[in-house]
Amino acid sequence: MLTSPAFAQDITGSFASLAGVGQFLPLVLIFAVFYFLLIRPQQQKQKETKRMLSELRRGDRVVTGGGILGVVTKPPKPDDREIEVEIAANTRVTVLRETITAVVKPTAANDARKS
């Protein structure tokens, strides 16, 4: 018998490599779902928070991570981590820039309330 083993193979051997790729397809889909539902929104939120902290100005009303409301009294420098916040009349505290969670925008008194 002088028949080569290469002639003995059938066509299913060439599709075996495609089956291996098909096994990884669910993993790729799961990663894509995690990226668009978890990772990307978190990155956008971090970018928005960083922008908000860099735009802090004197007179801005802020909320700290502990829930304390106050007004920024000393204009923060771009590289300064500490910000002076007035929480009551003549009561000033120094807080870290990273602990500020939100800037409260004032609402006009004559705006119609949504019910």
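As the structure is a computational prediction, the values presented were derived from the model and not from experiment.

**Examining the overall build of the protein chain**
Item 1. Of the regular secondary structure elements, the protein chain holds 1 helix and 5 strands.
Item 2. Reading the protein chain from its N terminus to its C terminus gives the helix and strand order α-β-β-β-β-β.
Item 3. Carbon and sulfur atoms provide 61% of the accessible area of the protein chain, an area that totals close to 9900 Å².

**Things to note about the environment of Lys77**
Item 1. Here Lys77 is to be found in the loop between β2 (69–72) and β3 (82–88).
Item 2. Owing to a relative accessible area of 56%, Lys77 belongs among the exposed residues under this scheme.
Item 3. Placed 21 residues apart in sequence, Lys77 and Leu56 show a C-alpha to C-alpha distance of 9.5 Å.

**Remarks on the side chain of Thr73**
Item 1. Relative to the helices and strands, Thr73 is located in the loop between β2 and β3.
Item 2. Its relative accessible area of 10% is what places Thr73 among the buried residues.
Item 3. If we ignore the near neighbours within four places in the chain, the residues touching Thr73 are Arg58, Glu84, Val85, Glu86 and Arg92.

**Brief notes about the sheet that holds β2**
Item 1. Taken in spatial order, the 5 strands line up as β4-β3-β2-β1-β5 in an open sheet, and their pairing is antiparallel. One side of each edge strand has no neighbouring strand; the edge strands of this open sheet are β4 (91–96) and β5 (100–104). This sheet shows a mean twist of 40° between the axes of neighbouring strands, independent of strand direction.
Item 2. Sheet topology note: the strand β1 (residues 61–64)/β5 ladder contains 4 bridges and is antiparallel. Looking at β5, one finds that Val62 is bridged to Val103.

**Observations concerning the side chain of Thr64**
Item 1. Tracing the backbone through its elements, the reader meets Thr64 in strand β1.
Item 2. Beyond its immediate sequence surroundings of up to four residues, Thr64 is in contact with Val95, Thr99, Ile100 and Thr101.

**Some thoughts on the environment of Thr99**
Item 1. Looking at the element boundaries, Thr99 is found in the loop between β4 and β5.
Item 2. For Thr99, a relative accessible area of 32% translates into the label partly exposed.
Item 3. Sequence separation between Thr99 and Leu53 is 46 residues; the distance between their C-alpha atoms is 9.9 Å.
Item 4. From its side chain, Thr99 meets the backbone oxygen of Leu96 in a polar contact 2.7 Å long.

**Description of the pattern of salt bridges**
Item 1. A full pass over the atoms with the stated rule returns 4 salt bridges.
Item 2. Arg51 serves as the salt-bridge partner of Glu48, at 2.4 Å between the closest nitrogen and oxygen. Highlighted residues: Glu48 and Arg51, both in helix α1 (residues 12–54), separated by 3 residues, approximately one helical turn.
Item 3. Here Arg51 ties to Glu55 by a salt bridge, and the two come within 2.7 Å at their closest N and O atoms.
Item 4. Under the relative-accessibility criterion, Glu55 is labelled partly exposed at 39%.
Item 5. Here the salt bridges share partners, and the residues they tie into one network are Glu48, Arg51 and Glu55.

About the cut-offs
Residues numbered from 1 in each chain as written. Predicted model: local features only at pLDDT ≥ 70, side-chain atom pairs only at ≥ 80, totals over all residues. Heavy atoms only, no water. Helix = DSSP H or I, 4+ residues; strand = E, 2+ residues; numbered from the N terminus. Areas by Shrake-Rupley, 256 points an atom, 1.4 Å probe, with all protein chains shown as cover. Buried < 20%, exposed > 50% of the residue type's maximum accessible area, 1.4 Å probe, protein only. Contact = heavy atoms within 4.5 Å. Pairing = 2+ DSSP bridges. Axes fitted to C-alpha atoms, helices over the stretch in contact; angles between N-to-C directions. Polar contact = N/O pair within 3.5 Å; in protein donor to acceptor, adjacent residues only side chain to side chain. Salt bridge = Lys/Arg side-chain N within 4 Å of Asp/Glu carboxyl O.

None of this, on its own, says anything about what the molecule does.
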